[in-house]
Each structure stands twice: as C-alpha cells, then as structure tokens.
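Structural overview
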Amino acid sequence: MAEQTHVLFVEDDDVIREATQLALERDGFAVTAMPDGLSGLEAFRADRPDIALLDVMVPGLDGVSLCRRIRDESTVPVIMLSARADSIDVVLGLEAGADDYVTKPFDGAVLVARIRAVLRRFGHASGPASPGADDSAGIDGGLLSFGDLEIDTEGMEVRRDGRPVGLTPTEMRLLLEFSSAPGTVLSRDKLLERVWDYGWGGDTRVVDVHVQRLRTKIGQDRIETVRGFGYKLKA
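Residues numbered from 1 in each chain as written. Predicted model: local features only at pLDDT ≥ 70, side-chain atom pairs only at ≥ 80, totals over all residues. Heavy atoms only, no water.

This brings us to the overall build of the protein. Regarding its fold elements, the protein presents 8 helices and 11 strands. Per-residue burial for the protein yields a buried fraction of 48% across its 235 residues. Once local pairs closer than 6 in sequence are excluded, the contacts in the protein between residues at least 24 apart make up 59%. When the accessible surface of the protein is totalled, it reaches about 11,000 Å², and 50% of it is carbon and sulfur. (Helix = DSSP H or I, 4+ residues; strand = E, 2+ residues; numbered from the N terminus. Buried < 20%, exposed > 50% of the residue type's maximum accessible area, 1.4 Å probe, protein only. Contact = heavy atoms within 4.5 Å. Areas by Shrake-Rupley, 256 points an atom, 1.4 Å probe, with all protein chains shown as cover.)

Okay, structure coming up:
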C-alpha cells in the first residue's frame, strides 16, 4: 500500500478546519491541522509534510509570513487559501513563495484536485495524472546554455555565471518550459496548462508572479514580455 501524502493545514476557523481535515482524510491524505501560524510552523519543522495549505488570515503568524518562513527552509509545495479572489493577499502569498492558491469558500473536490495537481508537479504519487498532462514538458536531457545561464535538464540544476541558482520545483518547471522553445511566445493559458496542470481556466496572476520571481533569479532581461500574448525566453 502506498504511503499516505502528509498535508499540513493551517486554518483558524474551527468549522472549516475540522470539515476540511475530514474531507482530505476521506480522500486518503494524512492531515495535521493547526489553528495558528506559530503552531503551524512548529508542526512543519517537526513533521516535514509533503504539502502545506495555509490560510492567509491566521493569528500569531499570518499565512504569508508563515509561507516565507517555510520557503526559507524548504521547497515543499505551498497552497494559500484566501477569502477573496481579488485580495492583494493572493499576490503577496505568491510573492512569498506559494505555488498556487484557492479561494474560499471552496469545494472539497476542487481543493483535492488542486492539491494533486501541485503534487504531480513535485513528483509525488498522489492520484492519476490529468488526461493529456505532459510530465516531461518536452525536455531532452543535457546542458542548455543561454548567455550566462546554464540549465542542466538531467541534474535539474541551474547556474548563472557559474554560480548555482536556487529554484523551487515550480520555478524549475517554468524555466524548462521556456528553455524547451527559446524565442517562442508561450501564452499564460498555455503555461497554466503545462506547468500548473490546469485542465480548466485559472488565474493568470499565478503565472505573472512566478515569472517575476524567476526573473529576479536568472536575470530580469532573460524572459521577455510580449504584450497581449505572453512570455518568451530570449535565445
């Protein structure tokens, strides 16, 4: 029997926390649920979960700050939970290092689908892949070079000017998509489909924030914005 995927869930609302924990456990996840950010950080350090679900507005240490603390220590996938889709907290959470977000109130099946989509990107076996999902992203093994940027697609390592560049798995997959077709414009919707495994329409802010984060690490001018169409990696 496959080992259960361990979820850290930080939510201060007792009803939402208990109901969501039960729903996730019914779907086969092992869940550690905490009511505030400080206890959530302690649980993260003690248990090292496979994925973290963090509500933005929790006491003690808010979800965005908790995400930053987790990202300082680990590349474990993080999904933020926000009460408003248009909240600045969504962008702040993504900028802090979150890989995705879900708006409350959420349907349990949608939350599970998003969790499994993130876990597939990170290489966890947590359910069947979506039809048509391309885990390889069309990348051949080898070393790719773009100016001062080197991408080892076999070792999953990136160097800039010979120095290692630390990328999260989502950032790495995004860079691999760009490097598989340098000079080709990739739309936000296409990136959502290929990198985030969205089989449905998603919020393109997820793409925009991750592209900006990637630019700060590999060079601001390496990825070009093509207004009205998307992004491309300069060949």
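Moving on, there is more to tell.
One key point about sheets: their strands pair by backbone hydrogen bonds, in either a parallel or an antiparallel sense. Pairing is parallel in the open sheet, where 5 strands are placed in the order β2-β1-β3-β4-β5. Both outer strands of the open sheet, β2 (30–34) and β5 (100–103), are each paired with one neighbouring strand and no more. Averaged over all neighbouring strand pairs, the angle between strand axes comes to 20°, with direction disregarded. Examined bridge by bridge, strand β3 (residues 51–55) and strand β4 (residues 78–82) share 4 bridges and lie parallel to one another. (Pairing = 2+ DSSP bridges. Axes fitted to C-alpha atoms, helices over the stretch in contact; angles between N-to-C directions.)

Another point: the pattern of salt bridges. Summed over all chains, the structure comprises 18 salt bridges. In this structure, the salt-bridge partner of Arg71 is Asp99, at a minimum N-O distance of 3.3 Å. Of this pair, Arg71 sits in helix α3 (residues 63–73) while Asp99 sits in the loop between α4 (88–95) and β5, and the two are 28 residues apart along the sequence. Comparing Arg71 with Asp99, the two get one shared label, buried. Linking Glu150 and Arg159 is a salt bridge whose minimum nitrogen-to-oxygen distance equals 3.5 Å. Within this structure, Glu11, Asp55 and Lys104 form a network of salt bridges that share partners. (Salt bridge = Lys/Arg side-chain N within 4 Å of Asp/Glu carboxyl O.)

With an omega of -5°, the peptide bond between Lys104 and Pro105 qualifies as cis. Relative to the assigned elements, Pro105 resides in the loop between β5 and α5 (108–121). Even without glycine at this site, Met156 takes up a positive phi of about 55°. Looking at where Met156 falls in the secondary structure, it is placed in the loop between β7 (149–152) and β8 (157–160). What makes Met156 partly exposed here is its relative accessible area of 41%.

Let's shift gears to the confidence of the model for the protein. Residues of the protein with pLDDT of at least 70 account for 88%, and the chain-wide mean is 86. Note on residues 124–140: pLDDT under 50 across the span, and 24 contacts to partners over four residues away in sequence or across chains. (pLDDT = per-residue confidence, 0-100.)

In terms of strand pairing, strand β10 (residues 223–226) meets strand β11 (residues 230–233) through 4 bridges, oriented antiparallel. For Thr225, the partnering residue across the bridge sits in β11 and is Tyr231. Between β10 and β11, which pair antiparallel one after the other, the connecting turn spans 3 residues, and Gly228 there sits at a positive phi close to 85°.

Topologically, Thr20 is positioned in helix α1 (residues 14–26). The sequence separation of Thr20 and Val31 amounts to 11 residues, and the corresponding C-alpha distance is 9.5 Å. In contact with Thr20, not counting residues within four places along its chain, are Phe9, Phe106 and Leu111.

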